[in-house]
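Residue-level structure breakdown
Here is what each chain is made of, one letter per residue.
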Amino acid sequence: MWSYLLDITMKKINVLISTFFGYGYLTKIPGTVTSLVTTVFIYIAYEYLGYTDLKFSIIFFTLLFFYSFYAVKDAESEFKNKDPRQIVIDEVLGQAMPLILLLHLSQNNQLSLPIEIYYALSFLFFRFFDIIKPFPVSYFDKNFKNYFGIIMDDIMAGLYSMILIYLISLKF
């Protein structure tokens, strides 16, 4: 009996995490909304609340990344299709990548434009690559119709966004 209750509780927790506390249910464009919420949340944490512990950000991201595989795999069965739009933790991960890079670049005085421009560009770049899906984003999206593909296509889009943000930081 306890095992059954634990399984049900874990399933609910994993659905909650996979949908980023319900943001995946809110609109017809849950990925975009979740990316925007992630950007605003991290902007407030870094720029207004003074949360600037880069090591903790990287460790937290890494733990969330690995846990997300388990959470999404467990939560997938609650939805009808193989890449449910309600699962948006992958957007959180992909969007967080260039934002964590911004923290690093900012701490090393490598940003010359106003920080808000970099946050806006991070959001726009991530959404662009997540929607357009250039290789290897498309590779993970097409070839892994499971929890791995759900997460990894957004990780690749986040990586592309990081590269562009870094190149812009070198130019301006």
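Description of the overall build of the protein chain
Helix and strand counts for the protein chain stand at 7 helices and 0 strands. Here the protein chain has a C-alpha radius of gyration of 16 Å; the compact-globule value for 172 residues is 16 Å, and the two agree. Principal-axis analysis of the C-alpha atoms places the extent of the protein chain at approximately 60 × 35 × 25 Å. For the protein chain, with 172 residues in total, the buried portion stands at 48%. If you take every contact in the protein chain between residues at least 6 apart in sequence, the share linking residues at least 24 apart comes to 78%. Total accessible area on the protein chain is roughly 9,700 Å²; 70% of this is exposed by carbon and sulfur atoms. The positive charge centre, built from 13 side chains, and the negative charge centre, built from 14, are 6 Å apart in the protein chain.

What about the environment of Val33?
Mapping Val33 onto the fold places it in helix 2 (residues 30-48). The exposure class of Val33 is partly exposed, given its relative accessible area of 21%. For Val33 and Ser169, which are 136 residues apart along the polypeptide, the C-alpha to C-alpha distance reads 26 Å. Residue contacts for Val33: discarding those within four places in its chain leaves Tyr23 and Thr27.

Considerations on the packing of aromatic side chains
One pass over the structure, following the stated rule, counts 22 aromatic pairs. Seen in terms of ring centroids, Tyr139 and Phe140 are 5.5 Å apart; in terms of plane orientation they differ by 85°. Their pairing is edge-to-face. Look at Tyr139 and you get partly exposed, because its relative accessible area is 37%. Judged by centre distance (5.9 Å) and plane angle (70°), the rings of Tyr139 and Phe144 are edge-to-face. Pairwise contacts between aromatic rings join Phe61, Phe65, Phe66, Phe69, Phe135, Tyr139, Phe140, Phe144, Tyr147 and Phe148 into one cluster.

Parameters at a glance
Per chain, residues are indexed from 1 in the order of the written sequence. Only residues with pLDDT of 70 or above have their local features reported here, since the model is predicted, and side-chain atom pairs are shown and tallied only from 80 upward, although totals for entire chains, interfaces and linings are computed over all residues. Excluding hydrogens and water, the side-chain values take into account all heavy atoms of the structure. In this text, helices come from DSSP runs of H or I with a minimum length of four residues, and strands from runs of E with a minimum of two, each type numbered from the N-terminal end. Two things to know: the radius of gyration comes from C-alpha atoms, and the globule rule equals 2.2 Å times the number of residues to the power 0.38. Here's how the labels work: a residue is buried when its accessible area is under 20% of the maximum for its type, exposed when over 50%, partly exposed in between, all with a 1.4 Å probe on protein chains only. By the convention used here, residues are in contact when the closest approach between their heavy atoms is within 4.5 Å. All accessible-area figures derive from a Shrake-Rupley calculation using a 1.4 Å probe, and residue coverage is judged against the displayed protein chains alone. In this charge count, Lys and Arg are treated as positive and Asp and Glu as negative; neither His nor the chain ends contribute. Every charge is mapped onto a representative atom, which is NZ of Lys, CZ of Arg, CG of Asp or CD of Glu. Pairing of aromatic rings covers Phe, Tyr and Trp, the last counted by its six-membered ring, and requires centre-to-centre distances within 6.5 Å; plane angles under 30 degrees mean stacked, over 60 mean edge-to-face, and any other angle means tilted.

All quantities given are derived from atomic positions and should not be read as evidence of function.
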